[in-house]
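Residues per chain, in single letters:
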Amino acid sequence: SSHYLQAVSLSEFEPIAYDTTQSRIVLDTFFEEYIMQLQVLQQQLWLLQSEPERKEAMQSAFRVVHTLKGNCGFLGMATGRKLAHEMEHILARGRERALDRLAVVLLLRAVEVLRELGVRMAEHSSDPSKPFPLVPNEYASTLALVQRAGSGDDAPVAAAPPVFVMPQSAAAPQ
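As a starting point, this report considers the structure included with it.

About the thresholds
Residues numbered from 1 in each chain as written. Predicted model: local features only at pLDDT ≥ 70, side-chain atom pairs only at ≥ 80, totals over all residues. Heavy atoms only, no water. Core = buried A, V, L, I, M, F, W, Y, C linked by side-chain atoms within 4.5 Å. Buried < 20%, exposed > 50% of the residue type's maximum accessible area, 1.4 Å probe, protein only. Helix = DSSP H or I, 4+ residues; strand = E, 2+ residues; numbered from the N terminus. Contact = heavy atoms within 4.5 Å. Phe/Tyr/Trp six-rings, centres within 6.5 Å; stacked < 30°, edge-to-face > 60°. Lys NZ or Arg CZ within 6 Å of the ring centre and 35° of its normal. Salt bridge = Lys/Arg side-chain N within 4 Å of Asp/Glu carboxyl O.

1. So, the nonpolar core
So, point 1. Grouped together as the largest cluster of nonpolar side chains are 44 residues, with contacts concentrated most on Tyr-34, Leu-41, Met-77, Leu-83 and Met-87.
So, point 2. For this core, the leading source of residues is helix 4 (residues 101-125), giving eleven residues.
So, point 3. Met-87 has contacts with Leu-41, Val-65, Leu-107, Ala-110, Val-111, Leu-114 and Val-146, leaving out every residue within four places of it along the chain.

2. Overview of the packing of aromatic side chains
The way to describe two aromatic rings as a pair is by their centre distance and the angle between their planes.
So, point 1. Tallied over the entire structure, the rule returns three aromatic pairs.
So, point 2. The structure contains a cluster of three or more aromatic residues connected by ring pairs, namely Phe-30, Phe-31 and Tyr-34.
So, point 3. Cation over ring: Arg-95 sits above Phe-62, and NZ or CZ is 3.7 Å from the ring centre.

3. Points about the pattern of salt bridges
So, point 1. For the coordinates displayed, the defined rule picks out six salt bridges.
So, point 2. Here Glu-51 and Arg-54 are joined by a salt bridge, their closest N and O atoms 3.5 Å apart.

4. Thoughts on the environment of Gly-80
So, point 1. Within the fold, Gly-80 resides in helix 3 (residues 78-96).
So, point 2. Sequence-distant contacts of Gly-80, defined by excluding residues within four places in its chain, comprise Cys-72, Leu-114 and Leu-117.

Below, the structure written as C-alpha cells:
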C-alpha cells in the first residue's frame, strides 16, 4: 500500500535561534556567504532539473548543502542546519542514481525556505535584543517533505505547493 505524506504543522511556533554573541563581522560574513551559497545551489538544481544525469552539478549541490549545514551549525541556527541536513540525504541518493523531478522541486522549495530563514535572521541581527523571529509557515511542511524524500522511501509524496523560482536570467552570477 502506498503511503502519502500529509502536511505537518508545528504544535508550537519554532523560533529561528542563533548565537547572538557572534561579532558583527562574523554575522555579516555568514549572511553574505549564505546568500551566495543559496544562489549557487539554486543554479545547480536548475541544471539537475533539465539534465538529471549531470554528476558535476550533483557534486556541487551536495558540497554547497554540506557547507550550508556546517555554517548554520557554527552559528547555532538549528532550523537551517536541520533542513540542510535533510537536503543532504536527498543529494546523497542522487549520487547513486539521478534525482527525479519531484526531488529537485522539493530541493528548490527548501532553498526558498532557507533563503527566508536567512532574511529573517539577518533582519533580527540588527537588534538581537528582540525575540527571535519565527520560522516561515512553509518550514515544517518543507522539512517533512524533504525528510520523506531523503529517507529512501519511494512511496509517493503528496504534491508540494508551487515553488517560486527566479528566472535564470535574473539569477545569473554577476
